[in-house]
Amino acid sequence: DGSLKSVLDEEKTSGGTREQSVAALGDEARLIILHDPCDIRKEYAEEMENLGKVRDLDGKLINGYSTFNTVAVDVEGKNLYPVDISVYSNGDEHYVTVAEMKKFEKGKLEASEDKDERERSEQIEQFVEEESYINLPKLSQKQLKEVSYAFKGKNPEISLCHVLDRQFDGKDYFEFIDQELEDEFVIRCKVSRNSNDVEVDPQTGKNVAVKLKDVEFEQSQCDVIKKLKVKKKVYQDAKCLLEWGTLTLDEVDYSVVRVTLQDSQGKAIYKQPMLLITNIKVKKGEQIGRAHV
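The rules behind these values
Residues numbered from 1 in each chain as written. Predicted model: local features only at pLDDT ≥ 70, side-chain atom pairs only at ≥ 80, totals over all residues. Heavy atoms only, no water. Core = buried A, V, L, I, M, F, W, Y, C linked by side-chain atoms within 4.5 Å. Buried < 20%, exposed > 50% of the residue type's maximum accessible area, 1.4 Å probe, protein only. Helix = DSSP H or I, 4+ residues; strand = E, 2+ residues; numbered from the N terminus. Contact = heavy atoms within 4.5 Å. Pairing = 2+ DSSP bridges. Axes fitted to C-alpha atoms, helices over the stretch in contact; angles between N-to-C directions. Parallel < 35°, antiparallel > 145°, perpendicular 65-115°, else oblique. Left-handed = near helix turned anticlockwise from the far one by under 90°. Nonpolar A, V, L, I, M, F, W, Y, C, P; charged D, E, K, R; others polar. Polar contact = N/O pair within 3.5 Å; in protein donor to acceptor, adjacent residues only side chain to side chain. Disulfide = S-S within 2.5 Å. Lys, Arg positive; Asp, Glu negative; His and termini not counted. Salt bridge = Lys/Arg side-chain N within 4 Å of Asp/Glu carboxyl O.

Q: Where do I start with the nonpolar core in this structure?
A: Generally speaking, a soluble globular protein has its nonpolar side chains buried in company with each other. F168, F174, I177, F185, I187, L212 and I277 are the most contacted members of the largest nonpolar core, which has 27 residues in total. Contributing elements (two or more residues each) for this core: helix 4 (136-154), helix 5 (171-180), strand 6 (184-188), strand 10 (233-249), strand 11 (252-262) and strand 12 (274-278). Among the elements that take part in this core, helix 5 stands out by supplying four residues, more than any other. Setting aside chain neighbours within four positions, we find I177 in contact with L144, H162, L164, E182, D183, E184, F185 and I187. With 13 residues, the next largest nonpolar core counts V163, W244, I280 and V282 among its residues.

This is the structure:
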């Protein structure tokens, strides 16, 4: 008669997953929380609910859904648990791109001469009032908060360090984790990020910011890796050059780290170094490893 009917929805799945991870790891003094988006590719699907567009491994747009996933691991790296997942689609009418939201907030959609844009402005306004609009920034911050609160609900003294990739390189994320959640973070920077240093452009004579990937850091340390395997190539006596300093954004100081892998002759293994930004105060190279940077 339908009385035993049950629907396994996203909130039940996420809530149950969080409960299991908190029960398993909640008594730890410190946890590393790893967050990462991932696509669910449905290349041959045609009539699924709110079917959106994602990219395949070759960069081609195909049908599919998007997810934002969280796992937690103890500092020894021995215990790893899935913590949370959000599933969403850019094919959902409630999906509002970051660019759309910026235009909406500036009133550009409402004042547009295009009828469709004006109607979209009214729709977004309704979604904002209902708090029903979705996009990656909103979903990711909501998930980070729920994960942080879940672990602190069991253990208020627990230390959490959130680790995220380049698409989360933004001041809004830094401030949200540091000031609202009061947690630590390590976020990979985009190679285009500027440092606080400036230099004179010889062609224009104007001051321009020096890129973080090129700036001279205050401190450095070089470690030798006896055997390093990258893809299918093995490097003997590879060098790991760690350089670190400070980046100030809106009067807030963050530690920045540049990691360069080199072969035994000093030639860079990767075209670009890895850049990291964190609210952890880095004073010596050994901290970088302990912070799972």
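Q: Would you mind going over unusual backbone geometry with me for this structure?
A: Here E131, not a glycine, exhibits a phi torsion of approximately 55°, which is positive. Position of E131 among the secondary structure elements: in the loop between helix 3 (115-130) and helix 4. On the basis of relative accessible area, E131 is assigned to the exposed category, the value being 64%. Even without being glycine, E251 reaches a positive phi, approximately 70°. Note on placement: E251 falls in the loop between strand 10 and strand 11.

Q: Please explain the pairing of strand 1 (residues 30-41) as it appears in this structure.
A: Along any regular strand the residues' side chains alternate between the sheet's two faces. Pairing geometry for strand 1 and strand 5 (residues 159-164), over five bridges, is parallel. From the neighbouring strand, R30 faces strand 5, where its bridge partner is S159. Pairing of strand 1 with strand 3 (residues 61-74) involves eleven bridges; the strand directions are antiparallel. For I32, the partnering residue across the bridge sits in strand 3 and is V73.

Q: How should the packing of helix 1 (residues 10-25) against helix 4 be read in this particular structure?
A: When two helices pack together, you describe them by how their axes are tilted relative to each other and by the distance separating the axes. Viewed as axis vectors pointing N to C, helix 1 and helix 4 meet at an angle of 45°, and their least axial separation amounts to 10 Å. It follows from the interaxial angle that helix 1 and helix 4 lie oblique. Handedness of the crossing formed by helix 1 with helix 4: right-handed. Facing helix 1, whose interface residues are R18, S21, V22, A23 and L25, helix 4 presents E146, V147, A150, F151 and K154. When the residues that make up the contact of helix 1 with helix 4 are grouped by side-chain class, the tally is six nonpolar, one polar and three charged.

Q: Help me out: how do you make sense of the packing of helix 4 against helix 5 in this one?
A: Running from N to C, helix 4 and helix 5 point in directions that differ by 20°, and their axes come no closer than 12 Å. Between helix 4 and helix 5, the angle is such that the two are roughly parallel. The way helix 4 lies across helix 5 gives a crossing that is right-handed. Judged by residue contacts, L136, P137, S140, Q141, L144 and K145 of helix 4 engage D172, Y173, F176, I177 and E180 from helix 5.

Q: So what exactly am I meant to see when it comes to the environment of D74 here?
A: On the secondary structure map, D74 appears in strand 3. On the basis of relative accessible area, D74 is assigned to the buried category, the value being 4%. Between the C-alpha atom of D74 and that of E28, which follows or precedes it by 46 residues, the distance is 7.3 Å. In contact with D74, other than residues within four places in its own chain, are E28, R30, L31 and N79. For D74, the side chain forms a polar contact with the main-chain nitrogen of G77, separated by 2.8 Å.

Q: Would you mind showing me how to read the state of the cysteines here?
A: Put plainly, a disulfide is one covalent bond tying together the sulfur atoms of two cysteines. All chains considered together, the criterion is met by zero disulfides. This cysteine, C240, is not joined by any disulfide, and C222 carries the nearest cysteine sulfur, 7.5 Å off. You can call C240 buried: its relative accessible area is 13%.

Q: I keep staring at the side chain of D56 and nothing clicks. Help me out?
A: Within the fold, D56 resides in the loop between strand 2 (52-55) and strand 3. K60 is the oppositely charged side chain nearest to the buried, salt-bridge-free D56, at an N-O distance of 5.6 Å. A polar side-chain atom of D56 sits 2.9 Å from the main-chain amide nitrogen of D58. Here the side chain of D56 touches K60 through a polar contact of 2.8 Å, landing on its backbone nitrogen. Apart from the residues within four sequence positions on either side, D56 is in contact with R41 and I62.

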